[in-house]
Amino acid sequence: MTDKSELFPGTLDMLILRVLSRGELHGWGITNKLEQLSQSALQVDEGSLYPSLYRMEDKGWIEAEWRMTENNRRAKYYSLTRAGRKQLEHEQELWARMNTIIGLVMQST
Amino acid sequence: MNFFRRLRYLFRRHLTEAEMAEEMRYHLEQRAAELATDGLPADEARSAAQRKFGNLARIQEQAREARGWRWLENFAHDLRLGARSLLKSPGFSLLAIVTLGLGIGANTSMFSVLNGVMLKPLPYAHLPQLDRLYRATPQNAEGNISPADFREFQQAKDGYGDAAAYTPESVSLAERGHPAEMAASARATANLFSLLGVQPQLGRDFRPGEDTPGRDRVVLLSQRTWQKRFAGSPEVVGRSVRIDGEPHVVIGVLPLSFNDWRFLGGVDFFRPLALTPEQARDRTSPSIRLIARRAATVAPEDADRFVAAFGARLAKEFPAVHAETHWRRVTLQSMAAGPGAAMVLPLLIGLSGFVLLIACSNLANLLLARTMARAREFAVRAALGASRLQLLRPLIAESLLLALAGGVLALFVAYWFRDWAALRSTGDNGEHVDFVVDWAVMTWTFGASLATALAFGLAPALFALRLDLNATLKSGGRGTVGGRGHQRFRQFLIIGQFALAMVLLAGAGLFIRGLDDLNKRRSGWESRQLVTGTVALPAGTYGDAEKIAAFQRLALERLGALPGVASVCLSSFTPAFVWPEIRKFVVEGQDRPVAGREPAAVVNRVSPQYFASYDTRVFSGRAFTERDTAGSTRVFILNQAAARGLFGDQNPIGRRLAPADGDNLRWGEVVGVVTDAQPAVTDANPLVFQIYLPMAQEPQRQFQLTVRAANVAPAALVDGVRGAMAELDPDLPVSRLQPADATIHRASYQDRVLRDMLAAFGLLGLALASLGIYGVIARTMAQRTGEFAIRLALGASVRDIIRLVLGSGVRLALLGAGVGLLGAIGVTRLLVAAYPNLPTNSPLVLGATTLALVAVALLACWLPARRAGKIDAISALRAE
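Residues numbered from 1 in each chain as written. Chains lettered and ligands numbered in written order. Predicted model: local features only at pLDDT ≥ 70, side-chain atom pairs only at ≥ 80, totals over all residues.

1. Section: the overall build of chain A
This is how the line gets drawn: In this text, helices come from DSSP runs of H or I with a minimum length of four residues, and strands from runs of E with a minimum of two, each type numbered from the N-terminal end. Residues are scored as being in contact if the C-beta atoms we place from backbone atoms lie within 7 Å.
For chain A, the helix and strand inventory stands at 4 helices and 3 strands. Listed N to C, the secondary structure of chain A is α-β-α-α-β-β-α in terms of helices and strands. A separation threshold of at least 6 residues defines the contact pool for chain A, and within that pool the share at least 24 residues apart is 50%.

2. So, the overall build of chain B
For clarity, the cut-off: The exposure scheme places C-beta atoms from the backbone and then counts, for each residue, the other C-beta atoms within 10 Å of its own, assigning buried at 20 or more, exposed at 12 or fewer, and partly exposed in between.
Per the secondary structure count, chain B includes 29 helices and 21 strands. Every one of the 880 residues in chain B was classed for burial, and the buried ones make up 41%. Considering only residue pairs separated by 6 or more positions, chain B has 82% of its internal contacts joining residues 24 or more positions apart.

3. Overview of the sheet that holds strand E3 (residues 74–80) of chain A
Residue and element names in this part refer to chain A. Note the cut-off: Any two strands between which DSSP finds at least two bridges are classified as paired.
Pairing in this open sheet of 3 strands is antiparallel, and the strands run E1-E3-E2 from one edge to the other. Sheet topology places strand E1 (25–26) and strand E2 (62–68) at the edges, where each strand pairs with a single neighbour. Summarising the sheet, E2 and E3 pair through 7 bridges and their orientation is antiparallel. Each residue of the ladder has a partner; that of Arg-67, found in E3, is Ala-75.

4. Some thoughts on the pairing of E3(A)
Residues and elements named next belong to chain A. Sheet topology note: the E1/E3 ladder contains 2 bridges and is antiparallel. Among the inter-strand pairings, His-26 is bridged to a residue of E3, identified as Tyr-77. Between E2 and E3, which pair antiparallel one after the other, the connecting turn spans 5 residues, and Asn-72 there sits at a positive phi close to 60°.

5. As for the confidence of the model for chain B
All names here are of chain B. For clarity, the threshold we go by: Confidence of the predictor in every single residue is expressed as pLDDT, which spans 0 to 100.
Residue-level pLDDT values for chain B average 82, and 89% of them are 70 or greater. Of the regions scoring below 50 in pLDDT, residues 477–481 engages in 10 contacts with residues more than four places distant in sequence or in other chains. Interface confidence for the predicted complex, given as ipTM, is 0.83, next to a pTM of 0.69.

6. Description of helix H4 (residues 82–107) of chain A
Structural remark: α-helix, 3.6 residues per turn; residues separated by three or four positions point the same way. All names here are of chain A. What counts here: For a helix, the expected span equals 1.5 Å multiplied by the residue count minus one.
Between the first and last C-alpha of H4 there are 37 Å, a value that for 26 residues agrees with the 38 Å anticipated at 1.5 Å per step. Among the residues making up H4, those that are buried are Gly-84, Gln-87 and Leu-88. Tucked into the core, H4 has its buried residues touching helix H1 (11–20), E2 and E3.

7. A short note on the packing of helix H27 (residues 798–834) of chain B against helix H28 (residues 843–865) of chain B
Residues and elements named next belong to chain B. Definition in use: Fitting a line to C-alpha atoms yields each axis, with helices limited to the stretch in contact; the angle taken between N-to-C directions then spans 0 to 180 degrees. Roughly parallel means an angle under 35 degrees; roughly antiparallel means over 145; roughly perpendicular covers 65 to 115; every other angle is labelled oblique. For any pair of crossing helices, the crossing counts as left-handed if the nearer helix is rotated counterclockwise from the farther one by less than a right angle, and right-handed if it is rotated clockwise. Residues were grouped as follows: Ala, Val, Leu, Ile, Met, Phe, Trp, Tyr, Cys and Pro as nonpolar; Asp, Glu, Lys and Arg as charged; and all remaining residues, including Gly, as polar.
Where H27 contacts H28, the axes come no closer than 9 Å and their chain directions differ by 150°. Accordingly, the angle class assigned to the pair H27 and H28 is roughly antiparallel. Judged by the sense of rotation from one axis to the other, the crossing of H27 with H28 is right-handed. Packed against H27, whose contacting residues are Ile-802, Val-805, Leu-806, Gly-809, Val-810, Ala-813, Leu-814, Ala-817, Leu-821 and Ala-824, the element H28 presents Leu-846, Thr-850, Leu-853, Val-854, Ala-857, Leu-858, Cys-861, Trp-862 and Ala-865 at the interface. Residue composition of the contact of H27 with H28, by class: 17 nonpolar, 2 polar and no charged.

8. A few points about the confidence of the model for chain A
Averaged over every residue, the pLDDT of chain A is 83; the share at 70 or more is 91%. Across chain A, H4(A) holds the top mean pLDDT of 89, while helix H3 (residues 46–59) of chain A sits lowest at 82.

9. Some words on unusual backbone geometry
In most cases, non-glycine residues show a negative phi, while peptide bonds are predominantly trans. All names here are of chain B. At Ala-231, a position not held by glycine, the phi torsion is positive, near 50°. Looking at where Ala-231 falls in the secondary structure, it is placed in the loop between helix H9 (223–230) and strand E6 (240–243). You can call Ala-231 exposed: it has 8 C-beta atoms within 10 Å. The phi dihedral of Arg-736 falls on the positive side, at around 50°, and the residue is not glycine.

10. Digging into the environment of B:Val98
Residue and element names in this part refer to chain B. The residue Val-98 is located in helix H6 (residues 90–119) in this model. What makes Val-98 partly exposed here is the crowd of 18 C-beta atoms within 10 Å. Val-98 sits 307 residues away from Ala-405 along the chain, and the two C-alpha atoms are 8.9 Å apart.

11. Comments concerning the nonpolar core
The nonpolar side chains of soluble globular proteins are, as a tendency, buried together. Residue and element names in this part refer to chain B. Going by this rule: Buried Ala, Val, Leu, Ile, Met, Phe, Trp, Tyr and Cys residues form a nonpolar core when they are connected through C-beta atoms within 7 Å. Residue ranges labeled as domains rest on an automatic or database domain assignment.
The biggest cluster of nonpolar side chains holds 117 residues, and the ones touching the most others in it are Val-219, Leu-221, Leu-290, Phe-636, Ile-691 and Val-707. At 6 residues, strand E2 (residues 161–174) tops the list of elements feeding residues into this core. In terms of domain composition, this core takes at least three residues from each of domain 2 (138–324) and domain 4 (542–728). Once you skip the residues sitting within four places of it in the chain, Val-219 turns out to touch Val-241, Ile-243, His-248, Val-250, Ile-251, Phe-269, Phe-270 and Arg-271. Among the nonpolar cores identified, the runner-up in size contains 101 residues, and Leu-357, Met-372, Leu-831 and Leu-846 belong to it.

12. Focus on the packing of helix H25 (residues 749–783) of chain B against H27(B)
Residue and element names in this part refer to chain B. Between H25 and H27, the least distance of the axes is 11 Å, while the angle of their chain directions is 150°. As judged from the angle between their axes, H25 and H27 are roughly antiparallel. For the pair H25 and H27, the crossing hand works out as right-handed. Counted together, Ile-773, Ile-777, Thr-780 and Met-781 of H25 and Val-805, Gly-809, Leu-812 and Ala-813 of H27 form the full contact between these two elements. Its residues placed into classes, the contact of H25 with H27 shows 6 nonpolar, 2 polar and no charged.

13. Some thoughts on the pairing of strand E12 (residues 565–571) of chain B
Residue and element names in this part refer to chain B. The element E12 is largely enclosed, with a buried count of 5 among its 7 residues. Sheet topology places E12 next to strand E20 (residues 702–709); 6 bridges connect them, and they run antiparallel. Counted as the bridge partner of Ser-567 is Arg-708 from E20.

14. Focus on the environment of B:Ala410
Residues and elements named next belong to chain B. Locating Ala-410 in the fold gives a position in helix H16 (residues 388–424). Take Ala-410: there are 28 C-beta atoms within 10 Å of it, and that puts it in the buried class. Spatially, the C-alpha atom of Ala-410 lies 7.7 Å from that of Leu-100, the residues being 310 residues apart in sequence. The residues touching Ala-410, leaving out its near neighbours within four places in the chain, are Gly-101, Ile-104, Gly-105, Thr-108, Thr-445 and Ser-449.

15. Quick look at the environment of B:Val856
Residue and element names in this part refer to chain B. Here Val-856 lies in helix H28. Residue Val-856 is classed as buried on the basis of its C-beta count, with 20 C-beta atoms lying within 10 Å. C-alpha of Val-856 to C-alpha of Ala-769: the two residues are 87 residues apart in sequence and 9.3 Å apart in space. For Val-856, the contacting residues outside a window of four places in its chain are Leu-766 and Ser-770.

What follows is the structure in structure tokens.
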């Protein structure tokens, strides 16, 4: 197994929102997608994934629906809501700004 | 959105949990499948997946936490914990619940009375616009009006709205195949029911114009009479019944709601109020009760002004009748409860509030003790970083549970009280006084128990939170003595309890004593050997004075001849009750006062044997005799108060009086003076002048029959009397024919209900207060064992210790009683206001109450103090 890269706290929600912004997925699919997009650098801990999903569902950023998968299993698919999309934009902006600031500080000599 | 999702989660938790599990299972399987494609054997793949996934239960727990209402779940958890901890100390819990249940129960019961009597609206349309109008006289603030007054108001009513009138009467009701019965009837104007907005359930209402003589032989039955006498048969409409011997046609049946005991509920049936032109001109006999409905445009203040102005106009135009009167308006709803209720109900509510307060301070004491006992636990938890809320939560949960259980118990008490009250307050005519336990009462119960449990459960909890952690931890875990503040607070509670108990006991004691005194104080007459009954001769058969007089002579003769009868008499009223008939008199040879302001007296028409039958002493002159007839000189007998009041020191015998009826005075001679008769009722009796007339000179259709038994029990005479009367006239019922003492007893049942309630409050208060002081002293004993052991070791005797403990308890009780004495005096004032005739000034009762209170406190302290003798000094000190 590969080494786990620790996520900055609070960034998991943003990443999930980002993944879901490309289309609906179930929990397993989200894990896969994150691994795939991060080129296996990210290993999502299920212990954080599901609480995060439920929290965001409660907040109304994502919504869930039970549907059949390609291989005919029942799975819960999550998709972004309009509020979720807004939240994603907001967090992306925040992230970018934070990145610049941290970059500025770190690169100063 | 959010809210509903959470709510859904809360209620469909199992479903959502299942979904969560399924979702995670799918995840696991997918992971396992992936690993399997990498070449791992299936079972290894599965366990690897599981390892990777981590602790499923923990994840689900975290997920659960992310959704739903954490605090609500926590709360349920707290409740479970609270229940468990309450069950662990069943003694405490039971005591707290019973205390709360009794306190709230007493309060709820009183609220149900208030609810039933005052808050529940009468079942009439336009209720807020309905008023009773009274013609207040100096003797009677709720006086009725005369037919002429009514006609006058009818003509003026346009400035007000609409008006209807009724007048109650006792009549005999007979139909074929049934013996005649006395019934409570009322004559009403044809518009009474439409004014009240009541429609007959069966048949029709009175028609306009049926309230004229000749067309008035129709009758509307009450629901109760219909069920009782006519078995609820719908064919009753159109049937003919005989009322006072006259045939009447039943035209309808009133709805059940009209049976409301507070107003007209006791009436068996209604007939139209048909006044002959001669009757309608009568301005002197106040027989009519007036109900008015304000027009929607007339404001209450305008109505008051209108009524007052109308009364003033009458007083000016007819001073001889109305000089000392004024008119006033009372809403129908507020008069429904009766005049005493406005005074007595708040008193009862207040006293039940006292019981509740005692219960509350008991509860506070109990909870405080319990909390203090856990002080160390709290201190440790606080030291470990528990927040205030976290410390408070289990206490709140416990209080809530206690409140709930107490509330349930209180409801049982309220139901029990309802049955008790219903049993005791069935009216004279079978109408039920109904205190329903409805939503209002339920809300009150649980509101009150929640409020008290939270207020009195939290107060000690907040105390606990102010604990000095260091001090508590340092005091080595026995830090339960509590600071001076706690001690003082608990002492304050005990003093308060005893003060309240004192008020309750003294109030109850004074009332009981007063009622007792009242029975003893009745004087000037004797009732032990008497049988009394009420007779109303029907106007149809006994049309004029001569016929009435003839019947009365015959009745006296026949009844007097019965075996075992010592004497017989007829009278308008018996001395046991207040005489309602008031007349004004002019004295010959004295200046006549301004018309309408002559001296007033209550009058009673009596037959010759009256004074002998009632054992009323004739002081001077003579009693009436058979020779005082319609044809002979008019004669009067005065009581001593009237003799003194009208004639001063002069001898009244031979002087002449006349009723003040205009200028045509009919003089009569005073022939005797008798003892004052003091009735046996709690009502105010402002008039002490009593004047007697011979019944034969003013025969009346309705009269009281009194038979004195010679040497047999009065009850044994009842059948003989009834038989003799039936022989005289089979259509003539005698109502309430029974020993006089039974009638008197029955009349004071309301007072006795009140007495029982007050006694119950007093005893309840005393019991709760003594429980309270017992608890405190017992705790003190437990806490100070070490101290006492040292004292014993240093040479104190067990007696000294007991004295020490008793002294502190009794001091509290005495202090409380002292404070309560002031409150008791206040309650006495209230009782005096409500029952002016009740003797309530009794230092003896107050002294006895104080003594009883201290005695109970002594006992309650002595029980735990006794244990001082069992203290084993050595082992107690070793345990330190």
